[in-house]
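Topology and contacts: notes
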Amino acid sequence: MDRMISPNPHPASTAEFIALEELYGASNYKPLDVVLTRGEGVYVWDVEGKRYLDCLSSYSAVNQGHCHPKILAAMQAQAAKLTITSRAFRNDQLPLFYEELCALTHSHKVLPMNSGAEAVETALKVSRKWGYEVKNVPADRAEIVVCGDNFHGRTLAIVGFSTDPDSRQSFGPFGPGFKVVPFGDAAALEQAITPNTVAFLVEPIQGEAGVIIPPAGYLKKARELCTRHRVVLILDEIQTGLGRTGKLLAEEHEGIEADLTLIGKALSGGFYPVSAVLSNKEVMDVLHPGQHGSTFGGNPLACAVARAALRVLTEEGMIENAAKMGEYLKAGLRDINASRVKEIRGRGLMVAVELHPDAGGARKYCEALKDRGILCKETHTNTLRIMPPLIVTQAQLDEALAEFRAVL
Ligand SMILES: *Cc1c(COP(=O)(O)O)cnc(C)c1O
């Protein structure tokens, strides 16, 4: 077999890159036909040199903007010094990462992982263990309540309790122990709780489902129910957390604290996969050496990058900006007043435009926006999600709003 890495002349055009990707890649995504090569702040550039305003932020992984210079500097400095030790040995970045993250989020304990799905898996494992060892649930009987239309990642355990047919179909058999209740329905949650319930896993705002905001008071009620019935409240803030909704964590909108909070995505400002489970002491303390882990979790490069990513998020006023610009964006979108639009909703810079079912689907509007230099992505059939980096300015939003007006 010919071992040449690149048998063809180097691709240069958008069409050539796409053809190569389609030829060799698994088809588990359907991206817009734009091939990006560079990013800076809220902008990205394609291989033809055309500039776009990024209105997706890689689903919130680049809240701090593309290639933030301070995160880049931290990454470069750490990469030249020490990248990984494994957890067989200690490193001098992990304790500082823990300390800074706990101070910022008022957590007692942190468990570092890499992807968001791994943080979710960790929370499921820890809460089951807590259920058996602290709540005294009978062996193998633990139940975890989740919500319909959830999105928590792509591992087998997680897709096993998804209600999205594409995510589940033909991937079974799935493990038992999960109960699905409608999102936003506190009475249904209360009914689902039994003496064997160990956890309730929920997104404060459902992102993938189309930026679905639960009724006011829902999370507060969920917090009360979990406390009353000794159930671990797990908030998946992988998308809503780290400033996206105009607060550091979305739980702050209802003045509650979860027992386990999951963060990822923007935890590295998009430079590296870094996720974490934030915990109170009681739940995380059930884990002992050898019972859970990850080779790359907590490596010094990840920790240095995450420390810088958290620092710029707070020091550069990005969270306050998200709150302010989010209001501006929603008002601007409502001003467009297009008959195709059914609803504008959102919190902070997590905003959705839901189209009427007869508008022909959101995808074609994303394609048209792409041609006009705005990148956003449809979610489900009829919803456009608009989530620019949290550093976006009013002038840049005006630029985007002009294109939304033209397309809608
Ligand atoms: C993205 C996301 C995940 C999964 O994160 P990965 O890093 O893709 O594994 C989990 N939960 C929510 C709410 C997310 O948005």
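Since we're looking at a predicted model, the values are computed, not measured. (Residues numbered from 1 in each chain as written. Predicted model: local features only at pLDDT ≥ 70, side-chain atom pairs only at ≥ 80, totals over all residues. Heavy atoms only, no water.)

1. Quick word on the overall build of the protein chain
Our working rule: Segments assigned H or I by DSSP are reported as helices when at least four residues long, segments assigned E as strands when at least two residues long, and all are numbered from the N terminus. Radius of gyration here is computed from C-alpha atoms only, and the compact-globule reference equals 2.2 Å multiplied by the residue count raised to the power 0.38. Summary of the burial criterion: residues with accessible area below 20% of their type's maximum are buried, those above 50% are exposed, and those between are partly exposed, where the area comes from a 1.4 Å probe applied to protein chains only. For this analysis, residues touch if any pair of their heavy atoms sits within 4.5 Å. Where accessible areas are quoted, they stem from the Shrake-Rupley method and a 1.4 Å probe; at the residue level, only the protein chains shown are allowed to cover. A residue counts as positive if it is Lys or Arg and as negative if it is Asp or Glu; His and the chain ends are not included. Here the site of a charge means atom NZ of a Lys, CZ of an Arg, CG of an Asp or CD of a Glu.
A count of helical and extended segments in the protein chain gives 14 helices and 15 strands. Here the C-alpha atoms of the protein chain give a radius of gyration of 22 Å, agreeing with the 22 Å that 2.2 N^0.38 yields for 408 residues. The burial tally for the protein chain puts 54% of its 408 residues in the buried class. A separation threshold of at least 6 residues defines the contact pool for the protein chain, and within that pool the share at least 24 residues apart is 71%. Accessible area for the protein chain stands at about 18,900 Å²; split by element, carbon and sulfur atoms hold 53% of it. Both charge centroids of the protein chain, one from 43 positive and one from 48 negative side chains, sit 3 Å from each other.

2. Quick notes on the pattern of salt bridges
Operational definition: For this document, the term salt bridge refers to a Lys or Arg side-chain nitrogen within 4 Å of an Asp or Glu carboxyl oxygen.
Tallied over the entire structure, the rule returns 19 salt bridges. Note that E378 is salt-bridged to K377, the shortest N-O span being 3.3 Å. With relative accessibility at 16%, the residue E378 sits in the buried group. It is possible to trace a salt-bridge network through shared partners that takes in K342, E343, R345 and E354.

3. Considering the packing of aromatic side chains
Any aromatic ring pair is given by two values, namely how distant the centres are and how the planes are angled relative to each other. Rules: Side-chain rings of Phe, Tyr and Trp, where Trp is taken by its six-membered ring, are said to pair if the distance between their centres is within 6.5 Å; with planes under 30 degrees apart they count as stacked, over 60 as edge-to-face, and otherwise as tilted. Note on geometry: a ring has a charge over it if NZ (lysine) or CZ (arginine) is within 6 Å of the ring centre and within 35 degrees of the ring normal.
This structure, assessed with the given rule, holds four aromatic pairs. Note on F161 and F178: the rings are 4.5 Å apart at their centroids and 40° apart in plane angle, and the pair reads as tilted. Here the residue F161 occupies a position in the loop between helix 6 (156–160) and helix 7 (165–168), and F178 occupies one in strand 6 (residues 178–181), the gap between them amounting to 17 residues. Note on F178: relative accessible area 22%, which makes it partly exposed. Above the ring of W45, the side-chain terminus of R38 is found at 3.9 Å from the ring centroid. The cationic tip of R51 hangs over the ring face of Y43; the distance from NZ or CZ to the ring centre is 3.8 Å.

4. Quick word on the site of the ligand
Note the following rule: Near residues are defined by distance, with any heavy atom within 4 Å of the molecule or strand qualifying the residue. Pairs of N or O atoms within 3.5 Å make up the polar contacts considered here, provided that, within protein, one atom can donate a hydrogen while the other can accept it, and that residues adjacent in sequence are counted only when both atoms are side-chain atoms.
Around the ligand sit S115, G116, A117, F151, H152, G153, E203, D236, I238, Q239 and K265, and those are all the residues in its vicinity. In this structure, G116 approaches the ligand through a main-chain N or O atom, which is 2.8 Å from an oxygen atom. The contact in question runs from a nitrogen atom of the ligand to an N or O atom on the backbone of F151, over 3.4 Å.

5. Observations regarding the domain arrangement of the protein chain
One widely used convention gives an interface's size as the accessible area the parts lose upon coming together. Heads up, the rule is: For the domains described, the bounds stem from an automatic or database domain assignment. Once two parts are put together, the accessible area they lose, assessed with a 1.4 Å probe and summed over both, is termed the buried area.
Along its sequence, the protein chain is carved into domain 1 (14–67 + 318–407) and domain 2 (82–315). In this structure, domain 1 and domain 2 have C-alpha centres spaced 27 Å apart. Every contact between the two is made by 30 residues of domain 1 and, on the other side, 28 residues of domain 2. Carbon and sulfur atoms make up 60% of the area that domain 1 and domain 2 hide from each other, which totals about 2,300 Å². The largest share of the area that domain 1 buries against domain 2 comes from I319, R347 and M350, three residues that together contribute 32% of it.

6. So, the state of the cysteines
Linking two cysteines covalently via their sulfur atoms produces the bond known as a disulfide. Here is the rule we go by: By disulfide we mean two sulfur atoms from cysteines, separated by a distance within 2.5 Å.
Using the criterion set out here, one finds zero disulfides in the structure. Its sulfur unpaired, C102 is 12 Å from the next cysteine sulfur, which belongs to C303. Given a relative accessible area of 16%, C102 falls into the buried group. Between C366, a cysteine without a disulfide, and C376, which holds the nearest cysteine sulfur, the sulfur-to-sulfur distance is 4.3 Å.

7. Details of the sheet that holds strand 11 (residues 341–347)
Put simply, the rule is: Between any two strands, at least two bridges found by DSSP are needed for them to pair. Helix axes use the C-alpha atoms of the stretch in contact, all axes being lines fitted to C-alpha atoms, and the angles between their N-to-C directions lie in the range 0 to 180 degrees.
Strand order in this open sheet of four strands is 11-12-15-14, and the pairing throughout is antiparallel. Across the chains shown, the open sheet's two edge strands, defined by having one partner strand only, are strand 11 and strand 14 (377–379). Sheet twist, expressed as the mean angle between neighbouring strand axes with direction ignored, is 30°. With three bridges connecting them, strand 14 and strand 15 (residues 383–386) associate as antiparallel partners. Bridge pairing in strand 15 places K377 opposite R385. Helix 12 (residues 318–336) contacts strand 11, strand 12 (350–355) and strand 15 of the sheet and is inclined by roughly 175° relative to strand 11.

8. Things to note about the environment of E378
Turning to its location among the elements, E378 is positioned in strand 14. Each C-alpha atom of the pair E378 and Y365 lies 8.5 Å from the other, and the pair is 13 residues apart in sequence. Ignoring anything within four residues of it in the chain, the contact list for E378 reads A362, R363, C366 and T383. A polar side-chain atom of E378 sits 3.2 Å from a polar atom in the side chain of R363.

9. Here's the deal with the side chain of H152
Along the polypeptide, H152 turns up in the loop between strand 5 (143–147) and helix 6. A polar atom in the side chain of H152 sits 2.8 Å from the side chain of D236. Excluding residues within four positions of it along the chain, H152 makes contact with A117, V120, I158, F161, L201, V202, E203 and D236.

10. Side note on the pairing of strand 3 (residues 51–54)
Relative to strand 3, strand 2 (residues 43–46) is paired through three bridges, and the arrangement is antiparallel. Directly across from V44, in strand 3, lies its bridge partner Y52. In sequence, strand 2 turns back onto strand 3 through a hairpin of four residues, with G49 there showing a positive phi of about 90°. The pairing of strand 3 with strand 13 (residues 374–375) spans two bridges and is classified as parallel. From the neighbouring strand, L53 faces strand 13, where its bridge partner is I374.

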